[in-house]
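Structural description and commentary
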Amino acid sequence: MLELSDPFVAGTLANVAGHFVCEYLPQAISFLKRVIRTIPAECLTEIPPKDIIARILFESQYYTDESEVRKILEKLLRASLHKETSSSVRCAFVEIAKQLSPIDAKILINLGNPTSLLHCPRNTNSLMDNAPLMDIYISEKYPEYEREVSISIGNLTRLGLLYIPTRNMGSVTIEGNDNGLIEKFRNTNFFKTNYPHEDISKLNIKTYKAYLTELGLYFRQLAFSDV
């Protein structure tokens, strides 16, 4: 089992010690040793990615133990130390973790592959802006339309975790509409409130597919499940 005196542990801490807020360094040492203790000795990698581990330790000082980002960083640290996954962890994963909100994380965990999303024109009689509603995600956990969830879909796409082939094609659908999903959306309180007098037969609601990328699948595996 690696200890603080081990060249790897000492070297990793030396790489970032000058960048830490002084009072946080003991916590970084504790954080590293705590994660090491969760890995059986025979599963520790012999060639740990020091740069990635150093970056995880450095970034972890800015988050509380309860924060979603800190939890993800701990999982990534564990993956970096485990011989089965250490070679597959990327520095980009640390940057991705920092840019995920708690809602983003929940959506990523629960997304199917593929997942159907909806595109719906605005109610022409409402005071809302005329831009269509996009990336509407309706599921068992999210039975109502929530704008924050659509924003999360957009962020996951921006981060390269999610791919939408028709992203720049407006309401075009290439795999046929998911009529069951459209019906669920019509039954939401949001739809009933904002489209009370709309001629549903003329309302061009479309569905389209979103796919988890290889990056998204692997990041999800490392960040939200045990090695």
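Up top is the structure these notes are about.
Residues numbered from 1 in each chain as written. Predicted model: local features only at pLDDT ≥ 70, side-chain atom pairs only at ≥ 80, totals over all residues. Heavy atoms only, no water.

The biggest cluster of nonpolar side chains holds 45 residues, and the ones touching the most others in it are Leu77, Leu81 and Phe219. Put simply, the parts of the chain that give this core at least two residues each are α2 (25-37), α3 (50-60), α4 (68-81), α5 (91-98), α6 (102-110), α7 (147-158), β4 (206-212) and α10 (214-224). Ranked by the residues each element gives to this core, the list is headed by α4, at seven residues. Those residues in contact with Leu77 that sit more than four places away from it in its chain are Phe31, Leu32, Val35, Ile53, Ile56 and Leu57. Residues Ile136, Phe190, Phe191 and Ile205 belong to the second largest nonpolar core, which totals 14 residues. (Core = buried A, V, L, I, M, F, W, Y, C linked by side-chain atoms within 4.5 Å. Buried < 20%, exposed > 50% of the residue type's maximum accessible area, 1.4 Å probe, protein only. Helix = DSSP H or I, 4+ residues; strand = E, 2+ residues; numbered from the N terminus. Contact = heavy atoms within 4.5 Å.)

Another aspect to go through is the packing of α4 against α10. When two helices pack together, their arrangement is given by the angle between the helix axes and by the axis-to-axis distance. Look at α4 against α10: their axes get within 7 Å of each other, and the N-to-C directions meet at 95 degrees. Here α4 is positioned roughly perpendicular relative to α10, judged by the angle of their axes. Here α4 contributes Glu68, Ile72, Lys75, Leu76 and Ala79 to the contact with α10, which in turn contributes Phe219, Leu222, Ala223 and Phe224. In terms of residue class, the contact of α4 with α10 is built from seven nonpolar, no polar and two charged. (Axes fitted to C-alpha atoms, helices over the stretch in contact; angles between N-to-C directions. Parallel < 35°, antiparallel > 145°, perpendicular 65-115°, else oblique. Nonpolar A, V, L, I, M, F, W, Y, C, P; charged D, E, K, R; others polar.)

The subject of this paragraph is the pairing of strand β1 (residues 115-120). Taking burial as the measure, the six residues of β1 include six buried ones, the bulk of the element. Here β1 shows a buried face lined by Thr115, Leu117 and His119 and a second buried face lined by Ser116, Leu118 and Cys120. With five bridges joining them, β1 and β4 adopt antiparallel strand pairing. If you follow Ser116 over to β4, its bridge partner there is Lys209. Of the strand pairs in this sheet, β1 and strand β2 (residues 133-136) are connected by two bridges, and their pairing is antiparallel. Counted as the bridge partner of Leu118 is Ile136 from β2. (Pairing = 2+ DSSP bridges.)

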